[in-house]
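Residue-level structure breakdown
If you want the building blocks of each chain, they are given just below.
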Amino acid sequence: MRNGGHRPRDRWSWRSSRSSSMVALVSWVALLSMFSSVFLSILWEIYTQPPKAKDADNLTYSYPVYTLNFEEALEERKILAEEYGYTLSDLKVERRSELSLEEFWDLYDAKWPVLVTDVVPQWPAYKKWTKEYLNKTYGFERVVMKAVMGTMHNAEGLSLPLFIFVNHAQESNPNYWTYLVDELFITTRPELLKHVPDTEYTQEDFFQQFPKEVRPWHCMLLWGTAHSRSELHIDPYNWTGTNAVLWGTKKWKLFPPGQDHLLYVYPNISCGFPLECNKYNSPVDTYASDMEAEKRTYPLFSSAKYIEVTQKAGELLIIPTGWFHQAYNSEETLAVSGQFMNRNNYRFVLEEILKAGNLQRKQLPTGFHNLMPPDQVSILMSMLPKKILKNGRERTEDYLHQIQYGMNKGN
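This part takes up the state of the cysteines. Here the structure, examined in full by the defined rule, presents one disulfide. Across a sulfur-sulfur distance of 2.2 Å, Cys271 and Cys277 are joined as a disulfide pair. Residues Cys271 and Cys277 share a disulfide whose torsion about the S-S bond is about 125 degrees; that sign makes it right-handed. Exposure class is identical for Cys271 and Cys277. Each is buried.

On to the layout of surface pockets, then. In this structure, the second largest pocket spans a volume of roughly 690 Å³. Lining of the second largest pocket is provided by 29 residues; of these, Thr187, Leu193, Pro216, Trp217 and His218 occupy positions nearest its centre. Listed by contribution, the elements that provide at least two residues to the lining of the second largest pocket are strand S8 (240-247), strand S15 (333-340) and helix H11 (386-404). Of the residues forming the lining of the second largest pocket, the biggest block, four residues, is contributed by S15. Looking at the lining of the second largest pocket residue by residue, the class counts come to 13 nonpolar, 11 polar and five charged.

Counting buried positions along S15 gives eight out of eight residues, so the element sits mostly inside the fold. The alternating pattern of S15 places Thr333, Ala335, Ser337 and Gln339 on one face and Leu334, Val336, Gly338 and Phe340 on the opposite face, and all of these are buried. Relative to S15, strand S6 (residues 220-224) runs antiparallel, the two being bridged by five bridges. Bridge assignment links Leu221 to a residue of S15, and that residue is Val336.

If you look at the biggest cluster of nonpolar residues, it comprises 50 residues, and the most contacted ones within it are Phe104, Trp129 and Leu162. In this view, Trp129 contacts Leu134, Ile186, Leu192, His195, Val196, Leu221, Leu246, Trp247, Leu334 and Val336; residues no more than four positions away in its chain are not counted.

Conventions and cut-offs
Residues numbered from 1 in each chain as written. Predicted model: local features only at pLDDT ≥ 70, side-chain atom pairs only at ≥ 80, totals over all residues. Heavy atoms only, no water. Disulfide = S-S within 2.5 Å. Buried < 20%, exposed > 50% of the residue type's maximum accessible area, 1.4 Å probe, protein only. 1 Å grid on protein atoms, 1.4 Å probe; cavity = no way out; pocket = protein on both sides within 12 Å on 5 of 7 lines; lining within 4 Å. Points joined across faces, edges and corners; volume = space filled by probe spheres on them. Helix = DSSP H or I, 4+ residues; strand = E, 2+ residues; numbered from the N terminus. Nonpolar A, V, L, I, M, F, W, Y, C, P; charged D, E, K, R; others polar. Pairing = 2+ DSSP bridges. Core = buried A, V, L, I, M, F, W, Y, C linked by side-chain atoms within 4.5 Å. Contact = heavy atoms within 4.5 Å.

Listed below in structure tokens is the structure:
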């Protein structure tokens, strides 16, 4: 057994001694609880106590810089796969069903993409969210979309009633298409949100510890005409991304980490989220109708390595931190995307928050990196200045205002 076996408890000895030891057990638990609280309080005082002036030069603390070591992650994945008796492929995205949480953490999370095939079909959204249902129920509600005529660089952001999008969803070609990409449509409608439950793989999510004002918007509605597509990008905060296709078909190109220099990533672009972060987008359109022209414009791209996969209805794609990716809807497709921050990627998410200047590295208390992951997240969030929380709240209000009044949104 991978975690080691355990010796069965002697049921008779447990039952015969239970009543005589219950009082002692309760006393010990209470005593241990008291000592634990005291110990943690003392430990926190030690971590946060500022150094004395005479020792300041010797006790200067600097939170380490964390970067993804992809080769090390792959080597760990290979070793663990042997323990599971599983044969890996570095040339494809594997389809998995009945994938345990432990195996997901060991073989895929923060390492390699995976398609999970037996989760989405259990969602109410998979059975209920037909085009007819959504149009009948929400047809007059405004949604955010982008319309493209020509190249991706000519995308125009719009806010229009849903029925207008639905009525024209069949009108598309490789150089003319529309993509409904709405961050808040589902989350602002609780009756829809409950149709998209958390999965076993996404339940540990430290984003839930973020103040509401700066918590990343979750559960994005994606409804694209044929030929619609995303930009080539890494997800905000370097989080782990999820994409669930409810109906239709998506094609993906996924780029293993370490190839930024081949992708012409835009420098110094803000993500525009409530809590500021850097945006890592590439101008390369890997699904351009004229790829030869695209390669002439971006010659280094020809050296980039990527994996292609087709995602079918009912499949959940989980994209690890650090992977550039572009999605292409080969037919009209409805999907829901999300994200999570957990024990395997939290350091990279915190790194992005610090890189964006929300806090200075030197502000973090001594020994911060030795704390448990959820404690690091909670403490960092508690240190955010009030002006950042105010700005986050205003950004959300502004986004909703633009949707309500049909104002064009920038890309």
